[in-house]
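The lines below spell out each chain.
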Amino acid sequence: MTYRHPRFPVYRPRRLRRNGNIRRLVSESSLDCSDLIWPIFVCEHSDRATEVSSMPGVRRLTIDHAEGAAAEAAQLGIPCIALFPEVSAVDKSDDCREAWNPDSLANRATRQIKARVPEVLVMLDVALDPYNAAGHDGLVEDGEIVNDPTLRCLQKQALSHADAGADILGPSDMMDGRIGAIRHALDKGGHASVLILSYAAKFASAFYGPFRDAIGSGSVLVGDKKTYQMDPANSDEACRMVARDLSEGADMVMVKPGMPYLDVCQRVKSEFRVPTFAYQVSGEYAMLRAAADQGHIDLDSAVMESLLAFKRAGCDGILTYFAQFAARKLADRNSR
């Protein structure tokens, strides 16, 4: 039986909006620092941090500075950081061997952060694009991104990251069978407790450009990623990819990008009832910053509204470059 509200003047919904305390009391969704994962770019430079030109306010951090960011995350109540390395040109190759180098930038940063700030979770991507001379997430043979040979590389990369102390691995490559292959390698290698947060529904999006600038893969990318990342037109396929990854051993799933795909976030959460995340990607960050810098929107309000939208859509957490910004705002709000 469908409930019908009484009519005006008996029914006055504005009573529930009359002041801030009432609005908070009946709020259907809420945002907390524990909902945030903070993506951090790390670089090799020993004496400086460099701003990502296409992402004002976001910097590539040295390992020491990344350690400081992890400590701040702990202080702010952000439970997890995600590290993304800017790989130098000399470490990019056709076989992507730097991806599983025990002393890679990502692995060294992870070891140092976990040694100094052990309570903060560290997440590392599993994909070859930062290390690939062609900028792709998989090996390239005769112009084709090959699936099965890539899986063997991803297994080695995943093991090296787990050995370095990563708590969560995020396979972001969209190769077929990658979750099962990585889960098998982790379990066999003594890392059964390492979590997999799968980029299960990763779309071939125009919103990734600033990220590729930040890690240095955009300038070397040959062609596009449409043969392995998903068609933005497809929602049913996204659910099939989530079901596949869960069946292969994913602990959590992600939709990427975030804001243009809130419908997919809601479908995934309602249909699967598993921990569901969204990535508010670099292009989304850049758009909000650009609009605010031009005076077209209020940055504080727009950021918090955008993050709350993910929670309303059913997401359990959000990867966002605004994590530090949002956590400070939340702390300030809670202190009043």
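Going by the structure above, here's the rest.
Here is a short report on the structure shown in this document. The numbers attached to residues start from 1 for each chain and follow its sequence in the written order. At least 70 in pLDDT is required for a residue's local features to be given in this predicted model, at least 80 for side-chain atom pairs to be given and counted, and no such filter applies to totals for whole chains, interfaces and linings, which use all residues. The basis for every side-chain value is the complete set of non-hydrogen atoms in the structure, without hydrogens or water.

### Concerning helix H5 (residues 178-188)
Then step 1. Three exposure classes are used, based on accessible area relative to the maximum for each residue type with a 1.4 Å probe and protein chains only: buried under 20%, partly exposed in between, and exposed over 50%. Only DSSP runs of H or I reaching four residues or more are called helices, and only runs of E reaching two or more are called strands; each is numbered from the N terminus. Of the positions making up H5, those classed as buried are Arg178, Ile179, Ala181, Ile182, Arg183, Ala185 and Leu186.
Then step 2. Residues are treated as being in contact if the distance between any of their heavy atoms lies within 4.5 Å. Where H5 is buried, its residues contact strand E5 (121-126), helix H4 (148-164), strand E8 (168-171), strand E9 (195-202) and helix H7 (236-248).
Then step 3. Positive backbone phi, approximately 85°, marks glycine 190, located one or two places after H5.

### With respect to the pairing of strand E1 (residues 36-42)
Then step 1. Of all seven residues in E1, seven are buried; the element is thus mostly enclosed.
Then step 2. Burial of the side chains of E1 extends over both faces: Leu36, Trp38, Ile40 and Val42 are buried on one face and Ile37, Pro39 and Phe41 on the other.
Then step 3. The pairing criterion is simple: DSSP has to find at least two bridges between the two strands. Both E1 and strand E12 (residues 317-320) contribute to a ladder of two bridges, which runs parallel. What sits directly across from leucine 36, in E12, is isoleucine 318.
Then step 4. Sheet analysis places E1 next to strand E4 (residues 80-85), joined by six bridges and oriented parallel. Within E4, the residue paired with tryptophan 38 across the bridge is isoleucine 81.

### Here we look at the environment of aspartate 213
Then step 1. Relative to the helices and strands, aspartate 213 is located in helix H6 (residues 209-215).
Then step 2. We classify aspartate 213 as partly exposed; its relative accessible area is 41%.
Then step 3. Residues aspartate 213 and valine 52, spaced 161 residues apart in sequence, show a C-alpha to C-alpha distance of 7.4 Å.
Then step 4. With residues near it in sequence (within four places) discarded, aspartate 213 still touches Ser54 and Arg60.

### Details of the environment of alanine 292
Then step 1. Within the secondary structure layout, alanine 292 lies in helix H9 (residues 282-293).
Then step 2. Judged by relative accessible area, which is 18%, alanine 292 ranks as buried.
Then step 3. It is 8.7 Å that separates the C-alpha atoms of alanine 292 and alanine 302, two residues lying ten residues apart in sequence.

### Structural notes on the nonpolar core
Then step 1. Buried Ala, Val, Leu, Ile, Met, Phe, Trp, Tyr and Cys residues that are joined via side-chain atoms within 4.5 Å together make up what is termed a nonpolar core. Core analysis: the largest hydrophobic core is formed by 106 residues, its most contacted members being Ile40, Phe41, Ile81, Leu83, Met123 and Tyr279.
Then step 2. In contact with phenylalanine 41, other than residues within four places in its own chain, are Val52, Met55, Val58, Arg59, Arg60, Leu61, Phe84, Phe211, Ala214, Ile215 and Tyr321.

### Describing a nonpolar patch on the surface
Then step 1. Think of a patch as exposed residues, more than 30% relative accessible area, with no salt bridge, where like charges cluster within 9 Å and nonpolar side chains (Val, Leu, Ile, Met, Phe, Trp, Tyr) cluster within 5 Å. For every accessible area listed, the method is Shrake-Rupley and the probe measures 1.4 Å; residues are considered covered only by the protein chains on display. By definition here, a salt bridge exists when the distance from a side-chain nitrogen of Lys or Arg to a carboxyl oxygen of Asp or Glu is within 4 Å. A grouping of Leu16, Leu25 and Val26 is seen on the molecular surface, where their side chains present a nonpolar patch of about 310 Å² in accessible area.
Then step 2. Structurally, valine 26 is set in the loop between helix H1 (20-25) and E1.
Then step 3. Look at valine 26 and you get partly exposed, because its relative accessible area is 39%.

### Here's the deal with the packing of aromatic side chains
Then step 1. Only the six-membered ring of Trp is used, alongside the rings of Phe and Tyr, when aromatic pairs are assigned; centres must lie within 6.5 Å, and planes under 30 degrees apart are stacked while those over 60 apart are edge-to-face, with the rest tilted. Summed over all chains, the structure comprises eleven aromatic pairs.
Then step 2. Considering the side-chain rings of tyrosine 199 and tyrosine 279, the 6.5 Å spacing of their centres and the 50° angle between planes classify their relative orientation as tilted. Of this pair, tyrosine 199 sits in strand E9 while tyrosine 279 sits in strand E11 (residues 276-280); the two residues are 80 residues apart in sequence, bridging distant segments of the chain.
Then step 3. Overall, tyrosine 199 belongs to the buried group, its relative accessible area being 1%.
Then step 4. Summarising the aromatic geometry, the rings of tyrosine 285 and tyrosine 321 are spaced 6.1 Å apart at their centres and angled 70° between planes, so their arrangement reads as edge-to-face. Separated by 36 residues along the polypeptide, tyrosine 285 in helix H9 and tyrosine 321 in the loop between E12 and helix H11 (323-334) bring together distant segments of the chain.
Then step 5. In this structure tyrosine 285 comes out as buried when scored by relative accessible area, which is 3%.
Then step 6. Residue classification places tyrosine 321 among the buried residues on the basis of a relative accessible area of 8%.
Then step 7. Of the aromatic side chains, those joined through ring pairs into one cluster are Phe41, Phe84, Tyr199, Phe211, Tyr279, Tyr285, Tyr321, Phe322 and Phe325.
Then step 8. Two limits define a charge over a ring: the Lys NZ or Arg CZ must be within 6 Å of the ring centre, and within 35 degrees of the ring normal. Over the face of the ring belonging to tyrosine 208 we find lysine 202, whose NZ or CZ atom lies 5.8 Å from the ring centre.

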